[in-house]
Amino acid sequence: DVKLTEDQLDSIARKISERLERDVKVDFRARADSVRDEKVKDIEKVLAEDRDARMNAIEIADDVHEAEAVVVEDLKDEIEEAATRVKDSLPEKVKKIRNEVVQEVTGKKLDEIEQKRQRRKEKKKELGKKFQEMQEKAKLAAKMDETKGQAKKSDQYGNRQSGPRGTRKPDNKIKMPESPGDEAREMEESKASEDK
């Protein structure tokens with residue numbers, strides 16, 4: 001796992017900012033220079049056409065002046081378009097530069113770090129879910145144990161309990177004979193059934 005100090009994070013942020021600023025300037029300069037070169041060629045073309053038409057110097061100057069006015073307006077529009085294209089390319093530039101800088105500082109690709117972090121996050125969520133399920137099972141088991149304990153206590157005191165599926169458990173009470181003769185008769189019946 002990659003752990004960065006505050007100084008390293010500041011260094012990364014500074015490097016990203018510097019590179020982004022430099023890249024944006026270079027990109028914009030290249031686009032603006034391309035537009036400027038195109039417009040200079042347009043003026044040179046007008047000048048060449050005027051010379052070929054054998055126009056006098058005043059007519060050529062007027063024609064070039066008109067061409068310059070048109071070129072300046074076109075130049076403004078095209079530079080605005082270039083600025084918009086540079087601005088639209090910023091998110092991709094930022095991502096690319098950020099990846100490069102993080103890899104230089106940490107030796108690892110940012111995508112790999114983010115994927116590892118995402119996997120850890122998903123695993124943590126999954127473990128949390130399993131822990132919650134285990135807690136619920138433990139609560140259920142404790143409740144079942146509590147119910148069984150209550151049933152055993154009830155059986156010890158001779159209460160009748162319902163068994164599974166609504167059947168009744170046999171009565172655990174000791175029968176007390178109602179008269180002395182009944183006791184003797186029950187003992188004889190008990191011995192007779194054991195002898196069989």
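Residues numbered from 1 in each chain as written. Predicted model: local features only at pLDDT ≥ 70, side-chain atom pairs only at ≥ 80, totals over all residues. Heavy atoms only, no water.

## Some remarks on the overall build of the protein
From N to C terminus, the protein includes 5 helices and 0 strands. The linear arrangement of helices and strands in the protein, starting from the amino end, is α-α-α-α-α. Evaluated residue by residue, the protein yields a buried proportion of 14% over its 196 residues. When contacts within the protein are restricted to residue pairs at least 6 apart in sequence, those whose partners lie at least 24 apart make up 58%. For the protein, the exposed area adds up to about 16,700 Å²; of that, 51% sits on carbon and sulfur atoms. (Helix = DSSP H or I, 4+ residues; strand = E, 2+ residues; numbered from the N terminus. Buried < 20%, exposed > 50% of the residue type's maximum accessible area, 1.4 Å probe, protein only. Contact = heavy atoms within 4.5 Å. Areas by Shrake-Rupley, 256 points an atom, 1.4 Å probe, with all protein chains shown as cover.)

## A short note on the confidence of the model for the protein
Looking at the protein, pLDDT values average 78 and 76% of them are 70 or higher. Mean pLDDT across the secondary structure elements of the protein bottoms out at helix H5 (residues 180-195), with 61, and peaks at helix H1 (residues 6-52), with 87. (pLDDT = per-residue confidence, 0-100.)

## A few points about the pattern of salt bridges
Summed over the entire model, instances satisfying the criterion amount to 15 salt bridges. The residue Arg19 makes a salt bridge to Glu104 at a minimum N-O spacing of 2.7 Å. Within this pair, whereas Arg19 is found in helix H1, its partner Glu104 is found in helix H3 (residues 90-106), the two being separated by 85 residues in sequence. By relative accessible area, which is 18% here, Arg19 ends up buried. The partly exposed category is assigned to Glu104, whose relative accessible area is 48%. Residues Asp37 and Arg36 are paired through a salt bridge, measuring 3.0 Å at the closest nitrogen-oxygen approach. Among the residues examined, Asp37 registers a relative accessible area of 37% and is labelled partly exposed. (Salt bridge = Lys/Arg side-chain N within 4 Å of Asp/Glu carboxyl O.)

## Notes on the layout of surface pockets
Put simply, the largest pocket is a space of about 170 Å³. Leu4, Val102, Leu110, Ile113 and Arg117 are, among the 13 residues lining the largest pocket, the residues nearest its centre. Of all the secondary structure elements, the ones that give two or more residues to the lining of the largest pocket are H1, H3 and helix H4 (110-156). Partitioning the lining of the largest pocket into residue classes produces 8 nonpolar, 1 polar and 4 charged. (1 Å grid on protein atoms, 1.4 Å probe; cavity = no way out; pocket = protein on both sides within 12 Å on 5 of 7 lines; lining within 4 Å. Points joined across faces, edges and corners; volume = space filled by probe spheres on them. Nonpolar A, V, L, I, M, F, W, Y, C, P; charged D, E, K, R; others polar.)

## Side note on the packing of H1 against H3
Here H1 crosses H3 at 140 degrees, and the two axes come no closer than 9 Å. The angle between H1 and H3 falls in the class oblique. Judged by the sense of rotation from one axis to the other, the crossing of H1 with H3 is right-handed. Side by side, H1 and H3 meet where Ile12, Lys15, Ile16, Arg19, Leu20, Asp23, Val24 and Asp27 of the first sit next to Leu90, Lys93, Val94, Ile97, Arg98, Glu100, Val101, Val102, Glu104 and Val105 of the second. Class assignment for the residues of the contact of H1 with H3 results in 10 nonpolar, no polar and 8 charged. (Axes fitted to C-alpha atoms, helices over the stretch in contact; angles between N-to-C directions. Parallel < 35°, antiparallel > 145°, perpendicular 65-115°, else oblique. Left-handed = near helix turned anticlockwise from the far one by under 90°.)

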